[in-house]
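Structural overview
Here is what each chain is made of, one letter per residue.
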Amino acid sequence: MRVTLLGTGDTTGTPTVGCDCETCRTARERGLERTRFSVHVENERTGESLLVDFSPDFRYQFLRDDVALPDAGIITHIHFDHLDGLGNAFRVFDSLEVYAADETDPRTGKSVAETVADDYHYLNTITVLPTTPLESTRICGLDVTFVPVDHPPLVCYGLAIEDPETGAKLSITGDTSYAVPEGSREVLADPDLLLADAIVPAHLCASHPAGGRHEGPDGTPYTFGSKHMTREGALTLAEELEASRTRLVHLAHYYPAEEAFEEPLAVDGERYVLE
Ligand SMILES: [Zn+2]
Ligand SMILES: [Zn+2]
Ligand SMILES: [Zn+2]
């Protein structure tokens, strides 16, 4: 399984448009970037590839990283930075199957699959396949399981992606607070590579109107506001899941410049081969 991190940023990306903060300046100087979230997963055995989330930066990411167009796609949730690149499917694909969860979101009255189908009803290229969480589905020769996570007020899903031949396993937390349900943790556990939402370091909770929550034993908040993990929360989850390797993703430009490009914070274009 070959994994390419196409987009490792939060909803504004780094550099952020119009921003002259030291982190955005450093990124420009060093030629680093964190575009909006997307992960390319190639099954080297079959030559097929699967795209996790359709970033608004879809076109740019595929040109920049020179990866194959996907044979199937997944949408984890309906926020702009994960869904709104799907319009790029027009005239680029003859047909594309897009998998999304089938559970009704009390907030919208629709499942993610229904929202995607409704929002892109004019796009004949795509077929949305409603998928039941916590059940394994074979996509591009890989076993994919959607797991519910905690991203209020919307439903959102993490993913476990396993190669049934080699046993290689990629886990993606999705956009989530630290309060990932136990049943989901069991499915995500023991990955060769974990991609974990870590939007900011915990010390920035002081500047969020909602502060932080889900404090660890020393009082460190593992959740920033209510929707995303802090760096410390993501690293704690990684330990609890016994991830062999962890990259932090969905990163905001609010990381101070001296912390923003430290390990294990990811930048766009990183590639990993899982065996
Ligand atoms: Zn900035
Ligand atoms: Zn989100
Ligand atoms: Zn997001």
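Here the residue index of a chain counts from 1 through its sequence in written order. Here the convention is simple: chains get letters from A, ligands get numbers from 1, in the order in which they are written. Note on the predicted model: pLDDT of at least 70 is required for a residue's local features to be given, and 80 or more for side-chain atom pairs to be given and counted; whole-chain, interface and lining totals, by contrast, use all residues. Each side-chain value is derived from all of the structure's non-hydrogen atoms; neither hydrogens nor water enter the calculation.

Some thoughts on the nonpolar core
In plain terms, the rule: Residues grouped as a nonpolar core are buried Ala, Val, Leu, Ile, Met, Phe, Trp, Tyr and Cys residues, joined through side-chain atoms within 4.5 Å. We call a residue buried when its accessible area falls under 20% of the maximum for its residue type, exposed when it is over 50%, and partly exposed in between, using a 1.4 Å probe and counting protein chains only. Runs of E in the DSSP output that reach at least two residues are strands. Runs of H or I that reach at least four are helices, and both are numbered from the N terminus. We call two residues in contact whenever any of their non-hydrogen atoms come within 4.5 Å of each other.
If you look at the biggest cluster of nonpolar residues, it comprises 50 residues, and the most contacted ones within it are Met1, Val3, Val39, Leu50, Ile126, Ile161 and Leu170. By residue number, the principal contributor to this core is strand S5 (residues 96-101), which donates five residues. Once residues within four sequence positions are removed from consideration, Ile161 is found in contact with Met1, Val41, Leu50, Val52, Leu142, Asp143, Val144, Ala168, Lys169 and Leu170. Ranked by size, the runner-up nonpolar core spans 25 residues in total, among them Ala189, Ala196, Met229 and Val267.

Some points on the coordination of the zinc ion (ligand 3)
Rules: Coordination shells were defined by N, O and S atoms within 2.8 Å of each metal, extended to 3.2 Å for Na, K and Ca; water is absent from the atom set, which can make sites look incomplete. A site with four donors is called tetrahedral when every donor-metal-donor angle falls between 85 and 135 degrees; four donors are called square planar, and six octahedral, when opposite donors sit more than 155 degrees apart and all other angles fall between 65 and 115; any other arrangement is irregular.
Taken together, the protein ligands of the zinc ion (ligand 3) are Asp81 (OD), His82 (NE2), Asp175 (OD) and His250 (NE2), with distances of 2.1 to 2.2 Å. Viewed at the metal, the four donor atoms of the zinc ion (ligand 3) are separated by angles of 88 to 171 degrees, and the geometry they form is irregular. Sequence spacing among the residues donating to the zinc ion (ligand 3) works out to D-H-x92-D-x74-H. Metal-to-metal, the separation of the zinc ion (ligand 3) and the zinc ion (ligand 2) is 3.4 Å; Asp175 coordinates the two. Here the residue His82 occupies a position in helix H3 (residues 80-83), and Asp175 occupies one in the loop between strand S10 (169-172) and helix H5 (182-188), the gap between them amounting to 93 residues.

Side note on the sheet that holds S10
The criterion, for reference: Each pair of strands is called paired provided DSSP finds at least two bridges between the two strands. Axes here refer to lines fitted to C-alpha atoms; in helices the fit is confined to the stretch in contact. Angles between the N-to-C directions go from 0 to 180 degrees.
In spatial order, the strands read S7-S8-S9-S10-S11-S15; together these six strands make up an open sheet with mixed pairing. Here the strands that pair on one side only, and so sit at the sheet edges, are strand S7 (136-139) and strand S15 (246-249). The mean inter-strand angle of the sheet, taken between neighbouring strand axes irrespective of direction, is 20 degrees. In terms of strand pairing, S7 meets strand S8 (residues 142-148) through four bridges, oriented antiparallel. Among the inter-strand pairings, Arg138 is bridged to a residue of S8, identified as Asp143. Here helix H6 (residues 231-240) sits on the sheet in contact with strand S11 (193-197) and S15, set at roughly 150 degrees to S15.

Remarks on helix H4 (residues 112-119)
This is how it is decided: Working note: the arc is built from the helix axis to C-beta atom directions.
Those residues of H4 that sit buried are Val112, Ala113, Thr115 and Val116. Along the axis of H4, the buried residues cluster in a sector spanning 165 degrees; they form a single face. Along its buried surface, H4 packs onto H3, S5, strand S6 (126-131) and strand S9 (157-162).

A word on the side chain of Thr4
Summarising the element assignment, Thr4 is placed in strand S1 (residues 2-7). Sequence-distant contacts of Thr4, defined by excluding residues within four places in its chain, comprise Ser38, Val39, His40, Asp65, Val67, Glu270 and Arg271.

Here's the deal with the sheet that holds strand S13 (residues 221-224)
One open sheet holds the three strands; their spatial order is S12-S13-S14, and the pairing between them is antiparallel. Of all strands in the sheet, those bounded by a partner on one side alone are strand S12 (212-215) and strand S14 (228-229). For S13 and S14, the ladder comprises two bridges, and the chain directions are antiparallel. By the bridge assignment, Phe224 is partnered in S14 with His228.

Brief notes about the coordination of the zinc ion (ligand 1)
For a metal with four donors in a tetrahedral arrangement, the ideal angle between donors is 109.5 degrees, while six donors in an octahedron ideally sit at 90 or 180 degrees. Listed as protein donors to the zinc ion (ligand 1) are Cys19 (SG), Cys21 (SG), Cys24 (SG) and His253 (ND1); their distances from the metal cover 2.1 to 2.3 Å. Given four donor atoms and angles of 105 to 116 degrees at the metal, the environment of the zinc ion (ligand 1) is assigned as tetrahedral. Sequence spacing among the residues donating to the zinc ion (ligand 1) works out to C-x1-C-x2-C-x228-H. Accessibility expressed as a relative area gives 24% for Cys21, which makes it partly exposed.

Here we look at the pairing of S11
Keep this limit in mind: A clockwise course of the path from the first strand over the helix to the second, judged with the strands pointing away from the viewer, identifies a crossover as right-handed.
Burial analysis of S11 places five of its five residues in the buried class, which makes it a mostly covered element. Neither face of S11 is left uncovered, since the one carrying Leu193, Leu195 and Asp197 and the one carrying Leu194 and Ala196 both have all their residues buried. In this sheet, S11 lies alongside S10 in parallel orientation, the contact comprising three bridges. Bridged to Leu170 within S11 is Leu193. Of the crossover connections in this fold, the one passing from S10 over H5 to the parallel S11 is right-handed.

Some points on the side chain of Glu270
Going by this rule: Polar contact is the term for a pair of N or O atoms within 3.5 Å; when the atoms are in protein, one must be able to donate a hydrogen and the other to accept it, and sequence-neighboring residues count only if both atoms are side-chain atoms.
Topologically, Glu270 is positioned in the loop between helix H7 (257-260) and strand S16 (271-273). Look at Glu270 and you get buried, because its relative accessible area is 14%. A polar atom in the side chain of Glu270 sits 2.9 Å from the side chain of Arg247. In contact with Glu270, other than residues within four places in its own chain, are Val3, Thr4, Leu5, Arg247 and Leu265.

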